[in-house]
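# Notes for the structure review
Chain residues, written in single-letter form:
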Amino acid sequence: MDEREALRLLASDLPHAGDDAAVVGSTAITTDMLHESTDFPVGTTRYTAGWRSVGASLSDLAATGADPTAAVAAYADQSFVDSELRAFVDGAKTVCASVGADYVGGDLDNHSEFTVTTTAIGEVDQPVSRSGAEPGDLVCVTGTLGRSAAALALFEQGETDRANELFRFPPRIETGRRLAGTATALMDSSDGLARSLHQLAEASDCGFAINRDSVPIDASVETLDLDRWEAGVHFGEDFELVCTVPKAALEAVQTDSPTPLTVIGEVTDAKAGVTVDGDPLADRGYTH
């Protein structure tokens, strides 16, 4: 079974699981694992690995509307190299500092491949889950999509400086904070926009009608020989936020958001399914 099937299997035993982060009282907590063979292409610097690993967990906190306080990482490799360890920690500290959190340490271990497990915690007064979308709400995304697909293409071409830059995504913490109390459903797009929409639809028992031309594709995709729809909608690993908001609240949340918040469609009845320009949108994306 894949990750989603495993989560469904465990749902009855893990009542706090299912959203991007678990919320216990006012504390939000999340953990992620990344591997060299699946998450860090050849040419990924340890600085970028530190940023991206910790950033993935910070993004999960953003997707619940939490205010992050700290992060830790378990760092495992075949051997430890001074420059690599220092660069990893620098990346982890920098991404934490960018959202007002602290990187406070972790663990070291030997392993057959470079592997990182990160945990981040934060505080949240009005957590947003995936299950509150209502027909008539608008579907929005932050920023642009396709950065990671473009980065992978650049890694494969040997253009590692630009690729590393694209891999260091900004966690949308401030936008998540400002959506708390207004958004009816929220998650990040790490599994890809299409899969995220299907996950939201399943959690909220609703459908989505998406406008293809409204989906914001990153400019980096346009400069490369990539299928823009595939890169922006199905590839995944972009760590933007996908949310639903009442129509009456749209102007306020767009004005309040520190990053562009683009309307890409509307919430519909569950029977309508997830569609783009009236056609079914395939439930396909990044699979762990």
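Shown above is the structure to which this text applies.
Our subject in this report is the structure included herewith. Residues take numbers from 1 onward in each chain, read along the sequence in its written order. Restriction of local features to residues with pLDDT of at least 70 applies here, the model being predicted, together with a cutoff of 80 or more for giving and counting side-chain atom pairs; totals for whole chains, interfaces and linings are based on all residues. Water and hydrogen atoms play no part in the side-chain values, which are based on all heavy atoms of the structure.

### Section: the overall build of the protein chain
Applicable threshold: For the purposes of this entry, the term helix denotes a DSSP run of H or I that reaches at least four residues, the term strand denotes a run of E that reaches at least two, and both are numbered from the N terminus. A radius of gyration in this sense is built from C-alpha atoms; the matching globule rule multiplies 2.2 Å by the number of residues raised to 0.38. Buried residues are those whose accessible area, probed at 1.4 Å on protein chains only, stays under 20% of the maximum for their type, while exposed residues exceed 50% and partly exposed ones sit between those limits. The Shrake-Rupley method, run with a 1.4 Å probe, gives the accessible areas here. Residue values count only the displayed protein chains as cover. His is not counted here, nor are the chain ends, while Lys and Arg score as positive and Asp and Glu score as negative. Here the site of a charge means atom NZ of a Lys, CZ of an Arg, CG of an Asp or CD of a Glu.
When its secondary structure is counted, the protein chain shows 11 helices and 12 strands. Compactness check: the protein chain gives a C-alpha radius of gyration of 18 Å against a globular reference of 19 Å for 288 residues, within 12% of the reference. In terms of its C-alpha atoms, the protein chain occupies a principal-axis envelope of roughly 55 × 45 × 40 Å. By the burial criterion, 50% of the 288 residues in the protein chain qualify as buried. Of the accessible surface of the protein chain, which amounts to about 12,600 Å², a share of 50% is contributed by carbon and sulfur atoms. Across the protein chain, the centroid of the 19 positively charged side chains sits 3 Å from that of the 48 negatively charged ones.

### Regarding the sheet that holds strand β8 (residues 207-210)
By way of backbone hydrogen bonds, the strands of a sheet pair with one another, either parallel or antiparallel. Which entries qualify depends on this criterion: Two strands pair if DSSP finds at least two bridges between them. Throughout, a contact is declared for two residues whenever any of their heavy atoms are within 4.5 Å. For helices, the fitted line uses only the C-alpha atoms of the stretch in contact; every axis is such a line through C-alpha atoms, and the angle between N-to-C directions lies from 0 to 180 degrees.
The seven strands lie next to each other as β7-β9-β6-β10-β8-β11-β12, forming an open sheet whose pairing is mixed. Each having just a single partner strand, β7 (185-188) and β12 (279-280) make up the two edges of the open sheet. Relative to strand β10 (residues 261-268), strand β6 (residues 138-142) is paired through five bridges, and the arrangement is antiparallel. For L138, the partnering residue across the bridge sits in β10 and is E266. Those strands touched by helix α8 (residues 193-204) are β6, β7, β8, β9 (241-245), β10 and β11 (274-276), and its axis lies near 145° from that of β7.

### Some words on unusual backbone geometry
Trans peptide bonds make up most of the peptide bonds, and negative phi angles are found at most residues other than glycine. The phi dihedral of E237 falls on the positive side, at around 65°, and the residue is not glycine. By secondary structure assignment, the location of E237 is in the loop between α10 (228-234) and β9. Even without a glycine there, the phi angle at D277 is positive, about 50°. Structurally, D277 can be placed in the loop between β11 and β12. Residue classification places D277 among the partly exposed positions, given a relative accessible area of 47%.

### A short note on the pattern of salt bridges
Filter applied, for reference: By convention in these notes, a salt bridge is any Lys or Arg side-chain nitrogen within 4 Å of a carboxyl oxygen on Asp or Glu.
Within this structure, the stated rule accounts for 15 salt bridges. Of the charged contacts in the structure, one is a salt bridge between E174 and R178, with a shortest N-O distance of 2.8 Å. You can see E174 and its partner R178 sitting in helix α7 (residues 173-179), four residues apart, about one turn around the helix. Among the salt bridges present, the one from R228 reaches E222, with a minimum N-O distance of 3.0 Å. Residue classification places R228 among the partly exposed positions, given a relative accessible area of 38%. Taking relative accessible area as the criterion, E222 reaches 44% and is therefore assigned partly exposed. Residues joined by salt bridges that share partners form a network here, namely D67, E174, R177, R178 and D256.

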